[in-house]
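Spelled out from the first residue to the last, the chains are:
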Amino acid sequence: MSAEPRSYETFSFSGVALDPIHVGTGGTRLGRVDNTIVRDPVTRIPKIPGSSIAGVMRAYTAMAKEKYPNCAGLGQPERDGAGGHCGSADCPVCTVFGFAKGIGSSGGFAGLAAFSDMHVLLFPVASQLGPQWITCPMALRQTGIAKPSELGDLPEQQVLYRKTDGAEALPSLNLGWLFLQVKTDWQPLEEIAQKIEELGIPGYITSRLGVVSDKLFTHIVNSNLEVRTSVAIDPATGAAKKRALFTYEALPRGTVLFWEVTCRNPKHFKINGGNKVEAVGSPGGVRDVVTKAHPYLEHLGIGGMGSRGMGRLRVLETTKPDDADKSGKEDK
Amino acid sequence: MNMTWTALRWVWRLEAPLFVGIPPAGALNRCRPYVPARTLWGAVTAEISRSSNGDSFPDYRKRGEEIREQCRFTYLFPAEKRGDKVLAWRPLFRKKGLQWCCNGGEEYLSDRDFRRRLMGSRPGTAIAPESYSASEGTLRETECINPWWRDSNCQEETSAVLLLGYVFLRKNGFRSQLDNIDTLFVGGDTRYGHGRISRVGGHKEAGDVSVFGKPIHRDRENPGIQSDIIWGHALEGDWQKKQMIQGEQELLGGWNQGSPWRGKLTWAPGTFLTESAVWSIEKDGYWKHQDKNRRERK
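As a convention, each chain's residues are numbered from 1 in the sequence order in which they are written. Chains and ligands are labelled sequentially in the order written, the chains with letters from A and the ligands with numbers from 1. Local features in this predicted model are restricted to residues of pLDDT 70 or higher, and side-chain atom pairs are both shown and tallied only at a pLDDT of 80 or more, whereas totals for entire chains, interfaces and linings draw on every residue. Side-chain metrics in this entry use all non-hydrogen atoms of the structure; hydrogen atoms and water are not considered.

## Observations concerning the sheet that holds strand β12 (residues 140-145) of chain B
All names here are of chain B.
Part 1 of the reasoning: In spatial order, the strands read β2-β12-β9; together these three strands make up an open sheet with mixed pairing. In this open sheet, the two strands that pair with only one neighbour each are β2 (28-29) and β9 (119-124).
Part 2 of the reasoning: Any two residues whose heavy atoms approach within 4.5 Å at even a single point are treated as in contact. Here an angle of 0 to 180 degrees is reported between the N-to-C directions of two axes, which are lines fitted to C-alpha atoms, with helices fitted over the stretch in contact. Strands are runs of DSSP state E lasting at least 2 residues, helices are runs of H or I lasting at least 4, and numbering of each runs from the N terminus. Across the sheet, helix α3 (residues 111-118) touches β9 and β12, and the angle it forms with β9 is around 60°. Here, strands pair whenever DSSP counts at least two bridges between them.

Structural data, given as structure tokens:
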């Protein structure tokens, strides 16, 4: 391990969707559903963009710190100059999440916390044995559970790999409409399952873990998203309103998501023309401010359709600072 | 011969989408499909200043000047791994317009096809905290380089997007600081997780004494590349009266710490000349034409 001081630290988080989560693309599409969710443009696997997380975390942190609504949102003041981000050196919201203006001057601050996209780590699928949580090598590499150089492709592409212990000895298993041969001879799986458990993911999930190829994972996820159909009710008739039927999709309840927060050292920044950041003193302090939003995330949720039972996410584990050495200063 | 400059080849892997902005088009925040030298200089300056300064406030300006003096960067171009080789895609203006070439000119893609393989976009809107709904007038789309290549026929496996470029070091200065950098944050929207790149392997000296397959000059005040294609932004000058040029021009501008950086009219990467010339890489990352009769000497 390098003894050099770090300019930042990266902390890992994982969470389980308590409700379906819908982070929409902002428009309707021709296709299977009307209102689609955000996907990775290449893998086509749904994700929650870092910009969505940053905004939600900011709002909830502002609530926790009693800085809502002024220090949440875009932060533009009213025409009379009232409101907007306070931009104070001792404001935990404005220093950690940035602000759009300085006090009595132009300029701003980019913020000390950077949020990665939330990626699907484990995806729940119905099977004849009940729900199974599926992942793939690409998802594992993105989380840092396995280094890209260490985790290659699966030996066979059209097979479901499961653990030997606790798994019922079935030669094949259906994952939604896909019927796959089951094998238990993929060696890295034991270690991967252990690392997933260390993230704080409950045993009822890790005991039903399965790994498929990257290519199959895309199909399994996209074939098993929750799709709802809604219609507006005409209050005059109490019946469905004409032409108001629409469908929307969401990540299903039980999906395990993984993301990282990179926290910069506050000592390396000055705001408002030369003031030191006073609200936080270290990357760990930045993380502590961000985690204030987690209880709100579990109750108020993320994404759209929050008034229809969607969006709640329970954050499972906060990696301790000493364990979270992903600062790019690894031993060579 | 005792060379002034050491050329190192470096390869980076995108850990997240990358956004290097150019002036937007309406609600679309457009992105460059490469990383300019000046952007890279800023990212390297920030990282070296912070990691070598412990818990005290770094002197960014001083360290930045030192790096400008001691290091010169080529642009980082998107690359992909094929077998043991890392092959960069570089721009080239041809009769059909801007194209991207790879594998020593054996493969070409139109700019449209190349961008389809490399880039994506993501929508976004601000949420008004008082109403908890989309804030009026804030819907926009941000273009970015994907961490994964789209395959050309949607059948093959996707591969990671790499960035390949070179850095010149004067008398090997800053070598240890550069070797210590494994992760960099480049470009914009880094608080949304964008721009995180990690180094693949160690820095390798350009063993065949070439940069992007072109001969280099390492014994001058500024490092030079002999090429008939410009892979940076090249300053205008008298040289352009003497040859045929295929390319496009761009006015570059930006900010230095606390003050505007006066841009200059330049020829954009991919500009093609009828005759090969020696180009020096200047402190700001510009490419500057070296007149055959008045080449700078140490």
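Following the structure, the description resumes.
## Overview of the interface of chain B and chain A
Part 1 of the reasoning: Taken together, the 38 residues of chain B in the interface contact 45 residues of chain A.
Part 2 of the reasoning: Where chain B abuts chain A, roughly 3600 Å² becomes buried across the two surfaces, and 50% of that area is made up of carbon and sulfur atoms.
Part 3 of the reasoning: Three residues, R50(B), W148(B) and R191(B), lead the burial of chain B against chain A; their summed loss comes to 17% of the area buried on that side.
Part 4 of the reasoning: What makes a salt bridge here is a side-chain nitrogen of Lys or Arg within 4 Å of a carboxyl oxygen of Asp or Glu, nothing more. Run the count over chain B and chain A and you get two salt bridges.
Part 5 of the reasoning: A salt bridge links R196(B) to E260(A); its shortest N-O distance comes to 3.8 Å.
Part 6 of the reasoning: Residues adjacent in sequence count toward polar contacts only when both atoms are side-chain atoms; beyond that, a polar contact is any pair of N or O atoms within 3.5 Å, and within protein one must be able to donate a hydrogen and the other to accept it. Applying the counting rule to chain B against chain A returns 13 residue pairs in polar contact (both at pLDDT 80 or more).
Part 7 of the reasoning: At the level of elements, α1 (37-51), β9, α4 (175-180), β14 (183-185) and β15 (196-199) of chain B are the ones that each hand at least two residues to the side of chain B that touches chain A.
Part 8 of the reasoning: For the side of chain B that touches chain A, a count of residues per class yields 13 nonpolar, 13 polar and 12 charged. By buried area we mean how much accessible surface two parts lose on assembly, using a 1.4 Å probe and totalling the loss over both. Here the nonpolar group is Ala, Val, Leu, Ile, Met, Phe, Trp, Tyr, Cys and Pro; Asp, Glu, Lys and Arg are the charged ones; every other residue, Gly included, is treated as polar.

## Description of helix α1 (residues 50-64) of chain A
Part 1 of the reasoning: A helix is expected to span 1.5 Å multiplied by its residue count minus one. Relative to the 21 Å expected for 15 residues at 1.5 Å per residue, α1(A) spans 21 Å between its end C-alpha atoms, a close match to the ideal helical length.
Part 2 of the reasoning: The complete set of buried residues in α1(A) reads G50(A), I53(A), A54(A), V56(A), M57(A), R58(A), A59(A), Y60(A), T61(A) and A62(A).
Part 3 of the reasoning: For α1(A), the secondary structure elements touched by its buried residues are α2 (92-97), β4 (113-115), β13 (256-264), α7 (283-291) and α8 (294-300) of chain A together with β9 of chain B. Relative accessible area decides the class of each residue, using a 1.4 Å probe on protein chains only: under 20% of the type maximum gives buried, over 50% gives exposed, and in between gives partly exposed.

## Quick notes on the nonpolar core
Part 1 of the reasoning: Within this scheme, the nonpolar core is defined by two criteria: the residues are buried Ala, Val, Leu, Ile, Met, Phe, Trp, Tyr or Cys, and they are joined through side-chain atoms within 4.5 Å. Residues F115(A), V212(A) and F217(A) are the most contacted members of the largest nonpolar core, which totals 69 residues.
Part 2 of the reasoning: Looking at this core, the element that brings in the most residues is α1(A), giving seven residues.
Part 3 of the reasoning: If we ignore the near neighbours within four places in the chain, the residues touching V212(A) are I134(A), T135(A), C136(A), P137(A), L154(A), V159(A), L160(A), L175(A), L180(A), F217(A) and I220(A).
Part 4 of the reasoning: The next biggest cluster of nonpolar side chains, apart from the first, holds 68 residues, and it includes W10(B), M119(B), L178(B) and A234(B).

## With respect to the confidence of the model for chain B
Part 1 of the reasoning: For every residue, the predictor reports its confidence as pLDDT, a number between 0 and 100. Scored by pLDDT, chain B has a mean of 87; 94% of the residues are at 70 or more.
Part 2 of the reasoning: Confidence estimates for the predicted assembly give a pTM of 0.87 and an ipTM of 0.83.

## Things to note about the sheet that holds strand β6 (residues 90-94) of chain B
Residue and element names in this part refer to chain B.
Part 1 of the reasoning: The strand order across the open sheet formed by three strands is β6-β7-β8, and the pairing between neighbours is antiparallel. Edge strands, defined here as strands with exactly one partner in the open sheet, are β6 and β8 (107-110). With direction set aside, neighbouring strand axes in the sheet form an average angle of 40°.
Part 2 of the reasoning: Here strand β7 (residues 97-102) pairs with β8 via four bridges, running antiparallel. Note that in β8 the partner of C101 across the bridge is Y108.
Part 3 of the reasoning: Of the strands in this sheet, β7 and β8 are in contact with α3, which crosses β8 at around 90°.

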